[in-house]
Each structure stands twice: as C-alpha cells, then as structure tokens.
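Residues per chain are reported as follows:
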Protein chains: 2
Amino acid sequence: MPEAPPPAPTGDELLKVLSALGNPHRMRIVAALMESRNYVSALARLIGMGRPLLHMHLQRLEAAGLVAGTLEVAEDGKTVKYFDVTPFFYELTPRVVAQAAATITDTTETDRTAGRSAKEEAK
Amino acid sequence: MPEAPPPAPTGDELLKVLSALGNPHRMRIVAALMESRNYVSALARLIGMGRPLLHMHLQRLEAAGLVAGTLEVAEDGKTVKYFDVTPFFYELTPRVVAQAAATITDTTETDRTAGRSAKEEAK
DNA sequence: GATATGTGTCAGGAATCTTTGACAGGTGAC
DNA sequence: GTCACCTGTCAAAGATTCCTGACACATATC
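What counts, and where the lines are drawn
- Residues numbered from 1 in each chain as written.
- Chains lettered and ligands numbered in written order.
- Predicted model: local features only at pLDDT ≥ 70, side-chain atom pairs only at ≥ 80, totals over all residues.
- Heavy atoms only, no water.
- Core = buried A, V, L, I, M, F, W, Y, C linked by side-chain atoms within 4.5 Å.
- Buried < 20%, exposed > 50% of the residue type's maximum accessible area, 1.4 Å probe, protein only.
- Contact = heavy atoms within 4.5 Å.
- Helix = DSSP H or I, 4+ residues; strand = E, 2+ residues; numbered from the N terminus.
- Expected span 1.5 Å × (residues − 1).
- Polar contact = N/O pair within 3.5 Å; in protein donor to acceptor, adjacent residues only side chain to side chain.
- Buried area = accessible area lost by both parts, 1.4 Å probe.
- Pairing = 2+ DSSP bridges.
- Axes fitted to C-alpha atoms, helices over the stretch in contact; angles between N-to-C directions.
- Salt bridge = Lys/Arg side-chain N within 4 Å of Asp/Glu carboxyl O.
- Phe/Tyr/Trp six-rings, centres within 6.5 Å; stacked < 30°, edge-to-face > 60°.
- Near = heavy atom within 4 Å.

S.K.: Please set out the nonpolar core residue by residue, giving values where relevant.
M.R.: Side chains of nonpolar character tend, in soluble globular proteins, to be buried together. Counting 66 residues, the largest nonpolar core has A:Leu21, A:Leu66, B:Leu21 and B:Leu66 as its most contacted members. Not counting the four nearest positions on each side in its chain, A:Leu21 is found in contact with A:Met27, A:Val30, A:Leu61, A:Leu66, A:Phe88, B:Leu15, B:Leu18, B:Leu92 and B:Val97.

Have a look at this one:
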C-alpha cells in the first residue's frame, strides 16, 4: 500500500515549477533530456540554441527541481556537466492551486496595514 | 470503471495553462474564486487590485480554460460578469511534458532546413 | 440632472524575461 | 605553443509581461 497521498506543494515551489515549465524552450529541453541525458554543449547544438541561453534555461529548471546537473569527468579528462530530468510529479487542480496560493511568500509584501475582514468587501 | 485515462494535453494548451498559473496574482485569483464565485469589481477590491489589471488576468485565465465568466443581469437590472473556476485537472510529469513539447506550434518556426539525425550530434 | 455602481478598452511607463556576443578559464592532442 | 573541446559569466539589446490612470458606455437611485 505505498499509496502516495496527494502532496501539497508550497506556493513558492509550485510557482517556480509552473513558471519554469511554462516556456516552449524549457519544455523542449525536458523532452530532449527524457530521451537521453546529455551535457550542455551537446544539448545546445542538438536543439539549436546558444550555450549561454541554454545554460540559463537549465539553471531555471534546476532551481525548480525539475532537472539535476552533475559535473563529471570523462575518461579522457574532459570536464563535462550532464543533466538528467528528475522524476517529478505534480497534480494541477483548483484545490491544490488554492491551497498553494495561501502559502505564497510574496516579496512585494510591503504593506502590513491590512485589517479589513475582506468579507463585507465582497458585497 | 470510470477510470479516466491519462489525457494528453496539447503543447500549446499546456503552455497556456502553465504560464497562466505561474503567477502569484493569478493563483490568488483562482483561490478567491474557489471560495465563492464573484464578479470582477467586487473581486478587484476583495484582493486589492485595479480593475483593468484584474480584467487582464481573468482574461488570461479564461483563455487557458481555467475559469469561466458569464455576463448576467442582476435583479436590479445591473449587468454583472460573474466568474467561476472550471474543474480542471492536469498531471505534471516528465512524460506528459515531453509528449506535449512534441506538439508545440511555435510561431518562430522559421527553419524547416532540419535533416540531421540529431543522434550523432549528441556525441 | 447628478451620483453611484457596473461593464469594457486604451496608451504609456515600469518591471521582467529572453537572447546574443564576447570574454575568461580549464584539459587533452598535435 | 596552437588547436579543439569543455566549463562558466557578464553586459547590453530585444521582446514580453505587468501595472496604472484615464476614458467611454450602460443602468438604477436620489
């Protein structure tokens, strides 16, 4: 019965994941890495993209925990950084979104003046 | 046996959904609409946001099929637009992402020059 | 009429993301 | 040393997104 209970992701976590995956290039990168792990230079010319750009996208994906990079040393001494996709799993429904929204660490939290019940406002 | 088979979203569809949900304000909007449907003006002051801005976010969410708006006429004759969240459900895993990535209608599809096996490139 | 509420849109600036080209290392092979 | 690979970073330009303050238009109430 290893029945995994619905894991409730943190607002910030889900936010990073969604914004990371909400980009055509990043989606394609994940797709390419699904077929086979690869290192950045090879992957760059495989999907026809500049290395600095790919580097940035990979960074974004890694920050979201969707891919993992390991700096390895090939047999010939060359230093190479391989990337693999991590077996992530997120369930996207109104409930988990609402739940996540409640735990967002908005950096723009400049006003702590709040106080209105926000209930009578609805009418 | 109403076992729902894993629905494979289109690349463009998933892209719209993810980029729509990958925004703190939009997540909060969904959360607010989960508690109770509401019309844009009331919702605007409920979550403390300008109407034009809210309008734009709602539009984005509706375009992604995450919320639905209906223009109703209240008993007193006022025209009001109510929004409800649609019961969406997406499964986010490497596989569905890779699958979706394959069906992306990239508007930047300028080069059909491809042809390399993209296999020997990996080495 | 004037006021208050609702709807929507538009133009322009602010903030952010994306993209590119150049640079600075490192190692192995000729 | 020189060449061919790999790694990473930086600054500046380009393209999007986000946000705000008007504006126009309806209806009901005073």
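S.K.: Provide a residue-level description of helix α2 (residues 24-35) of chain A, including the pertinent values.
M.R.: Residues and elements named next belong to chain A. Across its twelve residues, α2 extends 17 Å between first and last C-alpha, which sits within 8% of the 16 Å expected from 1.5 Å per residue. Considered for burial, the residues of α2 that qualify are Arg26, Met27, Ile29, Val30, Ala31, Ala32 and Leu33. Between the side-chain oxygen at the start of α2 and the backbone nitrogen of His25 there is a gap of 2.8 Å, and the oxygen is on Asn23.

S.K.: Would you mind going over the interface of chain A and chain B in detail, with residue names and values included?
M.R.: Each partner contributes residues to the interface: chain A has 41 residues there, and chain B has 41 residues. Where chain A abuts chain B, roughly 3300 Å² becomes buried across the two surfaces, and 73% of that area is made up of carbon and sulfur atoms. Considering only the side of chain A, the residues that lose the most area to chain B are A:Met27, A:Leu92 and A:Pro94, jointly responsible for 20% of the buried surface there. Linking chain A with chain B are two residue pairs in polar contact (both at pLDDT 80 or more), by the criterion used here.

S.K.: Outline the sheet that holds strand β2 (residues 67-73) of chain B, listing residues and values.
M.R.: Residues and elements named next belong to chain B. The three strands are arranged β1-β3-β2 in an open sheet whose pairing can be described as antiparallel. The strands lining the two open edges of the sheet, one partner per strand, are β1 (38-39) and β2. Here seven bridges tie β2 to strand β3 (residues 79-85), and the two strands are oriented antiparallel to one another. Bridging across to β3, Gly69 finds its partner in Phe83. Here helix α2 (residues 24-35) sits on the sheet and contacts β1, β2 and β3; the angle it forms with β3, its principal contact strand, is near 100 degrees.

S.K.: Explain the pattern of salt bridges residue by residue, including any values.
M.R.: Evaluation of the coordinates by the stated rule reveals four salt bridges over all chains. With its nearest N and O atoms 3.0 Å apart, the salt bridge here joins A:Arg37 to A:Glu72. Within this pair, whereas A:Arg37 is found in the loop between α2 and β1 (38-39), its partner A:Glu72 is found in strand β2 (residues 67-73), the two being separated by 35 residues in sequence. Under the relative-accessibility criterion, A:Arg37 is labelled partly exposed at 35%. Among the ionic pairs, B:Asp84 bridges to B:Arg37, the shortest N-O distance being 2.9 Å. On the criterion of sequence distance, the pair formed by B:Asp84 in strand β3 and B:Arg37 in the loop between α2 and β1 is long-range, its members being 47 residues apart. Classification of B:Asp84 by relative accessible area gives partly exposed; the value is 27%. Within the structure, one salt-bridge network assembled from shared partners comprises A:Arg37, A:Glu72 and A:Asp84.

S.K.: Give a detailed account of the packing of aromatic side chains, specifying residues and quantitative values.
M.R.: All names here are of chain A. Per the stated rule, a full pass over the model turns up two aromatic pairs over all chains. Ring plane angle 75 degrees and centroid distance 5.6 Å describe the contact between Tyr39 and Tyr82, whose orientation is recorded as edge-to-face. Placement of the pair is Tyr39 in strand β1 and Tyr82 in strand β3 (residues 79-85), with a sequence separation of 43 residues. Looking at Tyr82, the relative accessible area reads 22%, which means it is partly exposed.

S.K.: So what's going on with the protein's contact with DNA strand C? Which residues, and what values?
M.R.: The local shell around DNA strand C holds 21 residues, among which A:Asp76, B:Tyr39, B:Ser41, B:Arg45 and B:Lys81 are the closest. The sugar-phosphate backbone supplies 72% of the atoms of DNA strand C found within 4 Å of the protein. Side-chain polar atom of A:His57 to a phosphate oxygen of DNA strand C: 3.0 Å apart, as the coordinates give it. The separation between a phosphate oxygen of DNA strand C and a polar side-chain atom of B:Ser41 is 2.2 Å. It is helix α4 (residues 51-63) of chain A that contributes the most residues to the surface near DNA strand C, five residues altogether.

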